[in-house]
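Okay, here's what each chain looks like letter by letter:
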Amino acid sequence: MKKNCDQDQILSSSVQGSLLQYISAITCSLSVFDLRDNLNGICEKLLQKEFGVTSKVSFDIPSTPDRGDLTTSFALQLSKQLKVSPQELAKKFTSAIEKVDGVESCEVVGPGYINVRLTSDVLFKALEKVWERGESEKTRKKEAPVIVEYSDPNIAKPLGIHHILATVIGQSIANLHRHLGYNTIAINHIGDWGTQFGQLAVAHATWGTKPVKECSIDDLLALYVKFHEEMEKDKALEEEGREAFRKLEAGDKELQKFWKETVAITMKAMESIYERLHVSFDHVQGESFYQDKVGAVMDEGKKKGVFKEGEAGALIVTYPEESNLPPAVVVKGDGATLYMTRDLATVKYRLDTWKPQAILYVVDVAQQLYFKQVFAAVEQLQWDDSPLEHVVFGRMRFADKSMSTRKGNILKLEDVLDESVKRAHNLIDEKSSELEKAERDDLADMIGTGAVVYGILSQNRKMDIVFDWQKVLTFEGNSAPYLQYTHARGASVLRKADAEETPDFQSLVCKSITESERALIHQLLKFQDVLLLACRERMPHRLCNYLYELCQAYNAFYNADVILQAPEPLRTCRLALTSLSVRVLKTGADILTLRVPQRM
Ligand code: ARG
């Protein structure tokens with residue numbers, strides 16, 4: 001079969017006859033993907049032969065089925081160069097395309113688009129390939145790893161909204177890579193080192209009412225807030241905090257013990273949040289992990305002349321004028337290390353340990369300048385072709401004013417999740433009152449948590465992210481509840497039909513296809529392309545948009561075409577489409593860390 005499909009072979013023997021004659025000889029069972037490649041090749045060769053131009057042609061699956069199953073606009077792009085009207089140019093290709101096996105019809109529409117309709121056979125066969133992640137998956141496994149760093153909360157400091165965003169965005173980006181076969185390393189670079197520990201130790205010694213071991217995360221937070229309030233009035237406190245941190249860095253036993261306990265308390269609290277959000281890491285390597293690794297990096301930087309003497313004994317990096325970057329301090333005058341010092345040691349450690357093809361830092365926009373300085377310093381140090389990338393995201397705003405007016409940046413994620421679960425419960429009690437209580441509780445948890453997470457992920461991360469209860473908790477629209485509802489709907493159809501999980505698309509016989517079936521098939525066929533795009537761009541919202549459109553296509557199909565009552569072989573075909581839709585929705589939801597229900 002492969003041999004017959006090889007248009008190169010067919011075309012190369014065309015010397016003896018007309019090209020068209022040989023094109024019509026392609027008779028084999030092709031999928032849309034093979035066919036697409038074939039049509040690209042045929043048009044490219046025709047362009048070469050008839051017009052003497054070498055140009056890439058690409059057929060794509062259109063966004064609406066009224067534009068056929070495959071469409072291309074190359075005639076519009078080349079018409080000027082070839083001095084023919086685009087329509088005229090396009091028309092020269094239709095008869096060749098129409099002769100290809102699997103093509104039902106081909107027409108030129110509008111200013112010069114070529115729209116191709118395929119036979120239902122070809123469309124159904126292609127569905128088998130929705131799961132194939134391509135040849136590249138195998139090679140990806142052998143490639144150098146991709147490191148994704150995200151979450152990065154600070155110990156003994158409040159959890160900021162940006163940490164929540166980093167956590168969910170980072171996890172979905174890591175999941176995307178893993179799903180596509182990349183050797184993926186997820187790292188939580190916790191902020192477990194720095195002056196705040198000195199401050200907390202002073203605060204605890206001064207105002208603490210119980211041993212640190214017995215403190216909750218809220219107690220630690222209260223001490224942190226107290227310290228900063230008092231510091232406003234008494235500047236000497238600041239120096240005390242700094243002195244305590246110096247002692248900690250120098251290895252003071254008592255302070256080390258104190259530090260370890262506060263880290264343990266915060267991480268325990270974080271773990272329960274991670275569990276709720278289905279977040280996990282391969283390594284939790286906080287800033288303290290690099291304490292014994294900064295020395296060597298400092299020596300190297302000095303030796304290479306990258307770190308220079310600055311004011312009052314500090315070590316600094318300066319940048320070329322055209323970069324517009326202000327100088328950065330790497331070591332303070334008193335010898336204390338800084339955030340940047342540890343980040344440089346982190347880069348070195350990761351490059352040496354894993355030789356990664358990429359290191360993605362999923363960190364908020366406030367640190368954009370900082371990462372530019374770090375990356376530029378790495379460049380000066382000439383460590384590899386550093387594969388560093390700041391995956392930036394915007395600020396979170398609240399449609400509900402009462403949420404944004406809370407003091408400072410302190411918004412407790414648990415409170416938001418709890419609120420969302422409560423609201424979801426109310427919705428479910430209205431909608432699914434016939435379900436058992438335990439099942440309704442589980443649904444509320446899945447919908448409430450999913451709504452918050454999806455509400456974040458469905459927005460372009462490069463813009464400000466707006467949180468709006470009306471939008472996240474609706475059963476209509478680009479939301480988690482809509483996705484979950486559609487999944488439950490499809491799953492119910494399969495349950496009622498007792499249908500097999502994995503249909504055999506190769507043997508499906510479905511002679512005609514309705515418009516809603518066609519639209520659904522198109523949407524399913526785009527799945528792999530969307531995953532690759534979302535991964536390449538590190539943009540989870542592309543996957544959300546896709547799943548939203550898939551839900552719309554499935555629901556339109558569900559409303560337009562009878563499934564369970566349809567005569568055979570229609571019934572089997574429609575169940576197969578349902579089964580595939582359900583599986584794609586579930587896979588997409590998994591990547592986004594969402595759970596989906598079997599019924600609602
Ligand atoms: N913990 C830091 C903060 O909350 C973010 C860490 C970002 N990652 C890094 N490698 N610097 O601000």
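See the structure printed just above.
This one's a predicted model, so the numbers in the text were calculated from it and none came from an experiment.

**Remarks on the overall build of the protein**
Next, step 1: Of the regular secondary structure elements, the protein holds 25 helices and 13 strands.
Next, step 2: Its C-alpha atoms put the protein at 90 × 65 × 40 Å along the principal axes.
Next, step 3: The buried share among the 600 residues of the protein stands at 54%.
Next, step 4: Counted over contacts in the protein with a minimum sequence separation of 6, partners at least 24 positions apart contribute 74%.
Next, step 5: Of the accessible surface of the protein, which amounts to about 27300 Å², a share of 50% is contributed by carbon and sulfur atoms.
Next, step 6: In the protein, the 75 positive side-chain charges and the 85 negative ones have mean positions that sit 2 Å from each other.

**Thoughts on the pairing of strand β4 (residues 146–149)**
Next, step 1: Covered by surrounding structure in β4 are Val146 and Val148 together with Ile147 and Glu149, the residues of both alternating faces.
Next, step 2: In this structure, β4 lies alongside strand β5 (residues 184–188), joined through 4 bridges in parallel fashion. Its bridge partner lying in β5, isoleucine 147 is registered against isoleucine 185.
Next, step 3: You can see the chain leave β4, run along helix α9 (residues 161–179) and come back into β5, and the turn it takes is right-handed.
Next, step 4: Pairing of β4 with strand β10 (residues 358–364) involves 4 bridges; the strand directions are parallel.

**Some points on the site of the ligand**
Next, step 1: Residues in close proximity to the ligand include Glu149, Asp152, Asn154, His162, His163, His189, Tyr339, Asp343, Tyr361, Val363, Gln367 and Phe371, which together make up its full environment.
Next, step 2: The backbone of aspartate 152 places a nitrogen or oxygen atom 2.9 Å from a nitrogen atom of the ligand.
Next, step 3: Contact distances for the ligand include 2.9 Å between an oxygen atom and a side-chain N or O atom of glutamine 367.
Next, step 4: Notes on the ligand: free accessible area 350 Å², of which the protein chains cover 92%.
Next, step 5: Looking at the shell around the ligand, the elements with two or more residues in it are α9, α15 (339–354) and β10.
Next, step 6: When the residues that make up the shell around the ligand are grouped by side-chain class, the tally is 4 nonpolar, 5 polar and 3 charged.

**Some thoughts on helix α21 (residues 480–497)**
Next, step 1: If you check α21, its first and last C-alpha atoms are 26 Å apart, about what 18 residues at 1.5 Å a residue would give, namely 26 Å.
Next, step 2: Summarising burial for α21: 15 of the 18 residues are buried, a large majority.
Next, step 3: N-capping of α21 is provided by serine 479, with a side-chain oxygen placed 3.3 Å from the backbone N of tyrosine 482.
Next, step 4: At the C-terminal side of α21, aspartate 498 shows a positive phi close to 55°.

**Section: the pattern of salt bridges**
Working definition: two side chains of opposite charge can pair if their charged atoms are close together.
Next, step 1: The final tally for this structure, using the stated rule, is 34 salt bridges.
Next, step 2: The salt bridge involving lysine 233 is made with glutamate 230; its shortest N-O contact spans 3.3 Å. Of this pair, lysine 233 and glutamate 230 both sit in helix α11 (residues 217–233), 3 residues apart, which is roughly one turn of the helix.
Next, step 3: A relative accessible area of 64% means that lysine 233 is categorised as exposed.
Next, step 4: Of the charged contacts, one joins aspartate 352 and lysine 348 as a salt bridge, the two residues approaching to 3.4 Å between their closest N and O atoms. In this pair, aspartate 352 and lysine 348 are both assigned in helix α15, 4 residues apart and thus about one turn of the helix distant.
Next, step 5: Owing to a relative accessible area of 45%, aspartate 352 belongs among the partly exposed residues under this scheme.
Next, step 6: Taken together, the salt bridges that share partners define one network made up of Glu238, Glu239, Arg242, Glu243, Arg246 and Asp334.

Parameters at a glance
Residues numbered from 1 in each chain as written. Predicted model: local features only at pLDDT ≥ 70, side-chain atom pairs only at ≥ 80, totals over all residues. Heavy atoms only, no water. Helix = DSSP H or I, 4+ residues; strand = E, 2+ residues; numbered from the N terminus. Buried < 20%, exposed > 50% of the residue type's maximum accessible area, 1.4 Å probe, protein only. Contact = heavy atoms within 4.5 Å. Areas by Shrake-Rupley, 256 points an atom, 1.4 Å probe, with all protein chains shown as cover. Lys, Arg positive; Asp, Glu negative; His and termini not counted. Charge placed at Lys NZ, Arg CZ, Asp CG, Glu CD. Pairing = 2+ DSSP bridges. Right-handed = clockwise from strand over helix to strand, strands pointing away. Near = heavy atom within 4 Å. Polar contact = N/O pair within 3.5 Å; in protein donor to acceptor, adjacent residues only side chain to side chain. Nonpolar A, V, L, I, M, F, W, Y, C, P; charged D, E, K, R; others polar. Expected span 1.5 Å × (residues − 1). Salt bridge = Lys/Arg side-chain N within 4 Å of Asp/Glu carboxyl O.

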